[in-house]
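# Structural description and commentary
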Amino acid sequence: MNKLVLLVILISNSVFAQDTYTINGHFPNFPKSSFELTGYEGFKEKVLLTTNSDSAGRFTLTYPADYVGFAQLAMNGAYSNLLFLNKENYSLFWEDLTKREGLQVSGSHEYDAFIHGMKTFQKAEAKLAGWHYLLPLYEKDSLKKYQITSELEIANNLFPNYVKSLPENVWVRQYLLTKGLIEQMPMSVKTYTWRAPQHVTEFMAIDFTALMHSGLLKQTIEGYTYLVERFPLEEVTPLLNQAIDKVIVALKDEPSIQQEVAQHWFTFLESHSLFDAAEYLALKMLNDKSCILDKKSTNLFEQYRKMANGKIAPNIDLDVEGSTVKDLKSIAAQYKLVVFGASWCPTCKEDYSKLKEKYASLKANKDVEIVYIAIDTDKDAFEAYYGDAPFITFCDGKGWKSQAVKDYHIFATPSYFLLDKELNILEKIKTIEHLESWLASK
């Protein structure tokens, strides 16, 4: 009977996976200290665990099996170490705090793979720099040039080959692939331009579902965008669209992170004037019925779809008591700058002062009329703050529920739209300086 019970227990342990795993630490120089383990959820850093060490500097952290990724262990809010969590029970020992390399990690294949990987990366990049320096010196010596080119190839493949050699169930495999790419792309833009096409293949090989807890998502998409925008003009948009498809589809089962990544990438693409790719991303998010968008995301992307350059902006009813201007279209000016702001918005206040200062010059030299739509709900506050405006101001007291706010898909203040006489959208203005620069180019 006892044998049967033991057999059942063994079978149960083999069938049901562990829910938690432990990190046992011993830091003799940190007795009675606080320890905090932080990780990532998309772009956001979050606290995973906290604990305290005993009088001997011993402590235990128990982390959940469903957190697979990068983490940092901070002691007393200062000293910190990198850890990689992937269903491993392991131990840490660190005695001499002056020696970072003195940290001893036992029982973690993930940590060992990371340390070996970073050493391989540094060795490879150092060799690459050396051979790259020598290559032009032997441009006329075909034999030497061939030998150096061969060494360059070996050095270039050293790190990728190490990463590929790691088992696929080792999470650090994806971390190293991505971290290496982030580190290499700026150098490839500046120096090793021949290596840039290789990075496109590496980016497309990333498992973005595995990066949710890496803290690398932002750097990866920004770095790739920087890289690709240096490619021949006709290749830029297709390469970005291909990357957008890869990332958005990979994150479909994590809608909150998918939105976070899409919002940031969209704004980043716009700030780099990569409007075709920004439009592609906006339409992909809007047209994909599996994408669950919050109000901010919807307005962000709809503003691009419906309020893109070249589209006709909605007319705005400005028919208020005492005003001779009935609506936006009836304003007879070469340019119409529509501004959405509020008296309670700090940035709006700064920009409002600049608008008042620049208005006379803009009106006289470029025939610009400013229409300021205040998203205020307190009309007394509106009158008190905007009463001295030299340009047209309007407030219906409905705040974010104002019809103009809805029509223009406003999700943040201040927001600017530069229109022509017929309300064609000429430019989505970022700042007053951007407005002046745009007008100066015409």
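Heads up: these notes are all about the structure in this document. (Residues numbered from 1 in each chain as written. Predicted model: local features only at pLDDT ≥ 70, side-chain atom pairs only at ≥ 80, totals over all residues. Heavy atoms only, no water.)

Strand order in the open sheet formed by four strands is E3-E2-E5-E6, with antiparallel pairing between adjacent strands. Strand pairing shows two members of the sheet lacking a second neighbour, strand E3 (44-52) and strand E6 (79-85), which therefore form its edges. Geometrically, the sheet is characterised by an average inter-axis angle of 25° between neighbouring strands, direction not taken into account. Where strand E2 (residues 34-41) lies against E3, eight bridges are found, and the strand directions are antiparallel. By the bridge assignment, Leu-37 is partnered in E3 with Leu-49. (Pairing = 2+ DSSP bridges. Helix = DSSP H or I, 4+ residues; strand = E, 2+ residues; numbered from the N terminus. Axes fitted to C-alpha atoms, helices over the stretch in contact; angles between N-to-C directions.)

Time to look at the packing of aromatic side chains. Scanning the entire structure with this criterion turns up 32 aromatic pairs. The rings of Tyr-352, Tyr-359, Tyr-372, Phe-382, Tyr-385, Tyr-386 and Phe-391 are connected pair by pair, giving a single aromatic cluster. One cation-aromatic arrangement involves Lys-144 over Tyr-138; the distance from NZ or CZ to the ring centre is 6.0 Å. (Phe/Tyr/Trp six-rings, centres within 6.5 Å; stacked < 30°, edge-to-face > 60°. Lys NZ or Arg CZ within 6 Å of the ring centre and 35° of its normal.)

On to unusual backbone geometry. In this structure, Lys-87 takes a positive phi of about 55° despite not being glycine. Mapped onto the elements of the fold, Lys-87 is located in the loop between E6 and strand E7 (90-93). For Lys-87, a relative accessible area of 43% translates into the label partly exposed. The phi dihedral of Ser-273 is positive, around 60°, even though this residue is not glycine. Relative to the helices and strands, Ser-273 resides in the loop between helix H8 (255-271) and helix H9 (275-287). (Buried < 20%, exposed > 50% of the residue type's maximum accessible area, 1.4 Å probe, protein only.)

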